[in-house]
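# Structure assessment
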Amino acid sequence: MLSKRRGILHLLYGVRSLSANITNKNKVEELMDSKHVPQDKEATLYIHWPYCQKRCHYCNFNKYISQNVDHEKMKKYLVRETKTLLSMSGVERVKSIFFGGGTPSLAEPGTISAIVDCIRDTVAMAPDAEVSMEANPTSAEWFRLSEFKTAGINRLSLGVQSFKDSFLTLLGRNHSSLDALRALEAAKTLFPGKVSLDLIFGIPNQTLTDWKEDLEGVLKVCDNHISLYQLTLERGTNLFKWHQAGDVSLPDADETADMYQIALDTMAEAGFRRYEVSNFVRDDSVSIHNLSYWTGGQYIGVGPGAHGRFALPGGNNRESFYGQREARVQTLEPNSWMCEVEKFGHATCKRVKLSQLDSLKELIMTGLRTDRGIANRTWMQLSGGKSLIDIFGNCQTLNTLGERGLLELTCNSFRVTDKGLIVLDSIIPDVLNGLDSFYARKSSILYVLDNNTHL
Ligand SMILES: C[S@@+](CC[C@H](N)C(=O)[O-])C[C@H]1O[C@@H](n2cnc3c(N)ncnc32)[C@H](O)[C@@H]1O
Ligand code: SF4
């Protein structure tokens, strides 16, 4: 039985070669055109800037508050780690770059340009490839937006969170709604059509009317992309402590479900398409970077605590390559991270080989959050040639969900419908079970075959 009110939204970011020393112009042009690039030679790059001015009360991202950031050292080591990981991955074409954090708008523009230049000098990257940066709307940062543009940034994601000052204070933000409006105006002038903004809902004491007003306000001033995140209680944050102590209470699951529904209706009326559970867009100004991440693309994570998913070259055929995709995490703490990059050229502290099944599960969990779903083409590359229909076509539970209008499985794709996205968190376990059963059947068939060979 599907519960309409089960948790709807969870945060997903998105997220974030020397060997490819390409001098031949035709080769570069060929690599610019993704149709000609094998998937293992292409990736997106996520760069993590780990510092913030102030710790927000709700955030447990990998961030550090420091008044003495050594910008020269950070620049040197971010560039060095970028070079090393590009070289190790064998990637020849970078589709997009995303500077996330922490607060990357506190980095020196010279750091941003050094990294972008290093990538462009090392691998093929289209001149207009997406280069995004997250920014906080404080005046210190929006005064420098034009310098970031010169450094190579062409898309900006502004963390507005709310246009109500009382909620900004409660969340521990160090900007006002007026700061956000000013930053937004500056950003839209510099990056027309390429500005996204983040809003949070489900804030303590926030009513449905407060949320509706925030949405209506944002639609008067926004550009073409909006991310709407449900506030999640994270361990280690002040908000978590206050909640444990009974000093604050969050809206309950029914209220947040109603807030999400209000968001869906309001955004649709304003002509925005929900292309991912938390992301809305008009004029098709999607985030290329996040879309690639949600749809199974490789990504390289650089900087303290950054995550990556990529294969090391060396597989002897297409199927074995995908077996080699790895989950990687870089050392969290910036000073230790710098020491390791100095010593080893990179600071990967954890590498986990992903099995074919692991990669498919990840694709299900991100791809089904998008309105277009999982493309059969991508699925078959990761599954070693098995189509979506081969795997899910005979699954009775999923067929029932399909009959109820929650899922759509065709030769080309597997997607959750608009109706299904509202109860996505209860659909995903059924899809994962369907996949597990297929693999269990497959391994028992192999077992029987194997036994027979001994007869
Ligand atoms: C980690 S921040 C980095 C960018 C920038 N420092 C900022 O605050 O906008 C990226 C986004 O994550 C959101 N975020 C962080 N913790 C969250 C939480 N517990 N619940 C919902 N959104 C969260 C932030 O509000 C922000 O919009
Ligand atoms: S929400 Fe952004 S500014 Fe606030 S602590 Fe987290 S990363 Fe830093």
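Residues numbered from 1 in each chain as written. Chains lettered and ligands numbered in written order. Predicted model: local features only at pLDDT ≥ 70, side-chain atom pairs only at ≥ 80, totals over all residues.

An unreviewed UniProt entry annotates the protein chain as Radical S-adenosyl methionine domain-containing protein 1, mitochondrial of Stichopus japonicus. The UniProt entry for the protein chain carries this comment under Function (unreviewed entry): "May be a heme chaperone, appears to bind heme. Homologous bacterial proteins do not have oxygen-independent coproporphyrinogen-III oxidase activity. Binds 1 [4Fe-4S] cluster. The cluster is coordinated with 3 cysteines and an exchangeable S-adenosyl-L-methionine." (UniProt positions renumbered as here; feature names shortened; annotations may be inferred.)

The number of helices and strands found in the protein chain is 19 helices and 17 strands. For the protein chain, the residues scored as buried account for 44% of the 455 residues in total. (Helix = DSSP H or I, 4+ residues; strand = E, 2+ residues; numbered from the N terminus. Buried ≥ 20, exposed ≤ 12 C-beta atoms within 10 Å, placed from the backbone.)

Of all residues adjacent to ligand 1, which total 16 residues, the nearest are Cys59, Glu134, Gly159, Asp198 and Tyr229. Every element with two or more residues in the shell around ligand 1 is listed here: strand 6 (155-161) and strand 7 (195-201). A breakdown of the residues in the shell around ligand 1 according to their chemical character gives seven nonpolar, six polar and three charged. (Near = placed C-beta within 6 Å. Nonpolar A, V, L, I, M, F, W, Y, C, P; charged D, E, K, R; others polar.)

Quick look at the environment of Glu234 now. Residue position: Glu234 is located in the loop between strand 8 (225-230) and helix 9 (238-244). Owing to 13 C-beta atoms within 10 Å, Glu234 belongs among the partly exposed residues under this scheme. The spacing of Glu234 and Cys59 is 175 residues in sequence and 6.9 Å in space, taken between C-alpha atoms. Beyond its immediate sequence surroundings of up to four residues, Glu234 is in contact with Tyr58, Asn60 and Phe240. (Contact = placed C-beta atoms within 7 Å.)

Further remarks concern helix 2 (residues 71-89). Spanning 19 residues, helix 2 covers 27 Å between terminal C-alpha atoms, matching the ideal 27 Å at 1.5 Å per step. Those residues of helix 2 not exposed but buried are Met74, Tyr77, Leu78, Glu81, Thr82, Lys83, Leu85, Leu86 and Ser89. Buried-residue contacts for helix 2 involve strand 1 (42-49), helix 3 (109-122), strand 11 (299-302), strand 12 (307-311) and helix 13 (334-344). With its phi angle positive at about 70°, Gly90 sits one or two positions after the end of helix 2. (Expected span 1.5 Å × (residues − 1).)

So, on to the site of ligand 2. Around ligand 2, the neighbouring residues are Cys52, Arg55, Cys56, Cys59, Phe61, Lys63, Gly101, Gly102, Thr103, Asn136 and Gly159. Along the lines of polarity and charge, the residues of the shell around ligand 2 split into four nonpolar, five polar and two charged.

Within a regular strand, side chains alternate between the sheet's two faces. As judged from the three bridges shared by strand 9 (residues 273-276) and strand 10 (residues 279-281), these two strands associate in the antiparallel manner. By the bridge assignment, Arg273 is partnered in strand 10 with Val281. Once strand 9 ends, the chain turns through two residues before running back antiparallel as strand 10. (Pairing = 2+ DSSP bridges.)

A few words on the packing of helix 2 against helix 3. Direction vectors running N to C along helix 2 and helix 3 enclose 20°, while the axes themselves pass 9 Å from each other. Comparing their axes, helix 3 and helix 2 come out roughly parallel. With respect to the hand of their crossing, helix 2 and helix 3 are arranged in right-handed fashion. In this structure, helix 2 uses His71, Met74, Lys75, Leu78, Val79, Thr82, Lys83 and Leu86 to contact helix 3, whose residues at the interface are Gly110, Thr111, Ala114, Ile115, Cys118, Ile119 and Thr122. Within the contact of helix 2 with helix 3, the residues separate by chemical class into eight nonpolar, five polar and two charged. (Axes fitted to C-alpha atoms, helices over the stretch in contact; angles between N-to-C directions. Parallel < 35°, antiparallel > 145°, perpendicular 65-115°, else oblique. Left-handed = near helix turned anticlockwise from the far one by under 90°.)

Further remarks concern unusual backbone geometry. Here the bond from Gly101 into Gly102 is cis, since omega is 25°, no more than 30 degrees from zero. By secondary structure assignment, the location of Gly102 is in the loop between strand 4 (93-101) and helix 3. Residues other than glycine seldom take positive phi values, yet Gln161 does so here, at roughly 70°. We classify Gln161 as buried; it has 26 C-beta atoms within 10 Å. Positioned with a positive phi, Asp283 is a non-glycine residue whose angle comes to about 55°. In this structure, Asp283 sits in the loop between strand 10 and helix 11 (288-294).

In a beta sheet, neighbouring strands are held together by backbone hydrogen bonds and run either parallel or antiparallel to one another. Spatially, the three strands line up as an open sheet ordered 15-17-16, and their pairing is antiparallel. Looking at strand neighbours, the two that pair on one side only are strand 15 (374-375) and strand 16 (407-409), the edges of this open sheet.

In contact at an axis separation of 9 Å, helix 14 (residues 356-367) and helix 15 (residues 376-383) are set at 160° when each is read in the N-to-C sense. What the angle tells us is that helix 14 and helix 15 run roughly antiparallel. Contacts between helix 14 and helix 15 involve Gln356, Ser359, Leu360 and Leu363 on the former and, on the latter, Trp379, Leu382 and Ser383.

A separate point is the environment of Arg120. Its location among the elements puts Arg120 in helix 3. The class of Arg120 is partly exposed, set by 16 C-beta atoms lying within 10 Å. For the pair formed by Arg120 and Val94, sequence separation is 26 residues and the distance between their alpha carbons is 8.5 Å.

Moving on: helix 13. The complete set of buried residues in helix 13 reads Pro334, Trp337, Met338 and Val341. Taken end-on, helix 13 shows its buried residues confined to a sector of 100°, consistent with a single buried face. Of the exposed residues in helix 13, the ones pointing more than 90 degrees away from its buried face are Lys343 and Phe344. Turning to helix 13, the residues buried within the fold contact strand 3 (64-65), helix 2 and strand 13 (325-330). Trailing helix 13 by a residue or two, Gly345 shows a phi angle of about 90°, which is positive. (Arc of directions from axis to C-beta.)

In this section: the pairing of strand 17 (residues 413-416). Here two bridges tie strand 15 to strand 17, and the two strands are oriented antiparallel to one another. From the neighbouring strand, Ile374 faces strand 17, where its bridge partner is Phe414. The pairing of strand 16 with strand 17 spans three bridges and is classified as antiparallel. Looking at the pairing, Glu408 lines up with Arg415 of strand 17. What sits between strand 16 and strand 17 in their antiparallel hairpin is a turn of three residues.

This brings us to the confidence of the model for the protein chain. Predicted confidence across the protein chain gives a mean pLDDT of 88, with 87% of residues reaching 70 or more. Residue range residues 317-323 is modelled with pLDDT below 50. Its contacts to residues more than four positions away, or to other chains, number 11 contacts. Here residues 447-455 is a poorly scored stretch, pLDDT under 50, and it has zero contacts once near neighbours within four places are set aside; other chains count. (pLDDT = per-residue confidence, 0-100.)

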